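Residues per chain, in single letters:
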Amino acid sequence: MIAVFAELGGSKILGKARELADQTGQRVIAFCSKAKRDTALKLIALGADRVVICDANSTREWAFFLASQVEAENEESSRLILLPSSDFGNVILGRLSTVEGLDFILEGADFFDIGSACKSLLQGSVNLCSKTKGGNLSVLSVRVDKIPEAFEDSTKSGKVEEKSVGGATGVPPSPLHEENPIADLQLSQMTQEFTDPRTVLNILVGRKYFEEGQREATRERLLKTLARRYEADLKVEEGRLESIYGPCLALEVKSRLSDLPDFEGELIAINTSRRDPIQRIATTKIVTYDIDSLVSSLLSLEEKEEEDSHE
């Protein structure tokens, strides 16, 4: 069985899922929310044999529901859960990481096929590939921008049913419990169809630099304006961040190398000292005694580009 979470761009995965199902004789089941009831027929046209409409909303509820539905299928053939590689999909993937019988799990796959999946790292210079042993459960989040548009065939037929997350049986594995520290996102709050974390600019601000900015209202406004202007995700240096996937602009980050996140995109480090550890791993290194002026120049550059585009 191949299960596809068809929200937040996940419907695009159905074409590839259908192709694999035809090769292996498996079925494709698409899962969507009640808010998308009208899309059930479209999901069938895109390749689903069956569409399950569920009232689940949070990542915790969806993870529990998907795990219980896949377990209920009780098939001897390999089982595969496919999610879009969005913030929401990747949190579900993390919550499914200790499901019993899990064969392999991969976040942000660029390619997947029968029994294997790959993702590129370091701007494509390194490929990470995983292979399944077969017969067990595999979970992938997939970059939907890497998948060709699915062919829509309105002549296809399939089954549509509604289920409640409250009716799911079994005991959720440990990552699905309420006390689990993984963030619990709400599907109803997701406004974008799909956000690939590797396409979003990150602005990582040093803790001391940010705290000084809170005392100096001008600097804080400057940072927030910069993030808003470039549609960037503003992060503050605080403990150990696990990974930063997209390009990153780091401002006066002072952490030791062991405390820095894994940067999987281009890293531009701007510091007042060339001896700061982040300067050793940055793609581009900038040293300046006036970071505020440099940030202001980035805003001015964006404004100039907007003016030029209107001429």
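Residues numbered from 1 in each chain as written. Predicted model: local features only at pLDDT ≥ 70, side-chain atom pairs only at ≥ 80, totals over all residues. Heavy atoms only, no water.

(A) Structural view of the overall build of the chain. Check the secondary structure of the chain and you find seven helices and 17 strands. When each of the 311 residues of the chain is scored for burial, the buried share is 47%. A separation of at least 24 residues holds for 64% of the contacts in the chain among residues at least 6 apart in sequence. In the structure as shown, the chain presents an accessible area of about 15,800 Å², 48% of it carried by carbon and sulfur atoms. (Helix = DSSP H or I, 4+ residues; strand = E, 2+ residues; numbered from the N terminus. Buried < 20%, exposed > 50% of the residue type's maximum accessible area, 1.4 Å probe, protein only. Contact = heavy atoms within 4.5 Å. Areas by Shrake-Rupley, 256 points an atom, 1.4 Å probe, with all protein chains shown as cover.)

(B) The arrangement of the sheet that holds strand β1 (residues 2-5) in detail. Here seven strands make up an open sheet; going across it, the order is β5-β9-β4-β1-β2-β3-β10 and the pairing parallel. The sheet terminates laterally at β5 (102-109) and β10 (159-163), the two strands that pair on one side only. Here the strands of the sheet are splayed against their neighbours by 20° on average, with no regard to which way each runs. Looking at chain direction, β5 and strand β9 (residues 137-142) are connected through five bridges and run parallel. Among the inter-strand pairings, phenylalanine 104 is bridged to a residue of β9, identified as serine 138. Each of β1, β4 (79-84), β5 and β9 is contacted by helix α4 (residues 87-95), which is oriented at about 145° to β4, the strand it contacts most. (Pairing = 2+ DSSP bridges. Axes fitted to C-alpha atoms, helices over the stretch in contact; angles between N-to-C directions.)

(C) Representation of the sheet that holds strand β17 (residues 284-287). Taking strand neighbours across the sheet as the criterion, the five strands line up as β12-β11-β14-β16-β17 in an open arrangement whose pairing is parallel. Among the strands making up the open sheet, the edge pair consists of β12 (233-236) and β17. Sheet twist, expressed as the mean angle between neighbouring strand axes with direction ignored, is 15°. Direction of pairing for strand β16 (residues 267-271) relative to β17: parallel, over a ladder of four bridges. Bridging across to β17, isoleucine 270 finds its partner in isoleucine 286.

(D) Focus on unusual backbone geometry. Even without glycine at this site, leucine 8 takes up a positive phi of about 55°. Residue position: leucine 8 is located in the loop between β1 and α1 (14-24). Phi at glutamate 252 takes a positive value of approximately 55°, unusual for a residue other than glycine. On the secondary structure map, glutamate 252 appears in the loop between β14 (248-251) and β15 (262-263). The exposure class assigned to glutamate 252 is buried, which follows from its relative accessible area of 12%.

(E) View of the confidence of the model for the chain. The predicted model of the chain has a mean per-residue pLDDT of 79, with 77% of residues at 70 or higher. Residue range residues 122-126 is modelled with pLDDT below 50. Its contacts to residues more than four positions away, or to other chains, number seven contacts. A low-confidence stretch, residues 304-311 stays under pLDDT 50, and its non-local contacts, those more than four residues away or across chains, total one contact. (pLDDT = per-residue confidence, 0-100.)

(F) Molecular detail of the pairing of strand β2 (residues 28-33). Counting buried positions along β2 gives six out of six residues, so the element sits mostly inside the fold. Here β2 shows two buried faces, one formed by Val28, Ala30 and Cys32 and the other by Ile29, Phe31 and Ser33. Note that β1 and β2 share four bridges and pair parallel. From the neighbouring strand, isoleucine 2 faces β2, where its bridge partner is valine 28. Each parallel crossover has a hand, and the one from β1 via α1 to β2 is right-handed. (Right-handed = clockwise from strand over helix to strand, strands pointing away.)

(G) A look at α4. Within α4, seven of the nine residues are buried, leaving the element largely enclosed by the surrounding structure. Every buried residue belonging to α4 is among Phe88, Gly89, Asn90, Val91, Ile92, Leu93 and Arg95, and all of these are buried.

(H) Quick peek at the nonpolar core. Among the nonpolar cores identified, the biggest contains 30 residues, and Ile2, Val51, Leu82, Phe112 and Leu140 are the most heavily contacted of them. If we ignore the near neighbours within four places in the chain, the residues touching valine 51 are Ala30, Cys32, Ala40, Leu43, Ile44, Lys159, Val160 and Glu161. In terms of nonpolar packing, the next biggest core, distinct from the first, is built from 26 residues, Val70, Ile81, Val139 and Val165 among them. (Core = buried A, V, L, I, M, F, W, Y, C linked by side-chain atoms within 4.5 Å.)

(I) Representation of α1 in the model. If you check which residues of α1 are buried, you get Leu14, Lys16, Ala17, Arg18, Leu20 and Ala21. Close packing links the buried residues of α1 with β1, β2, α2 (40-46), β4 and β6 (111-113).

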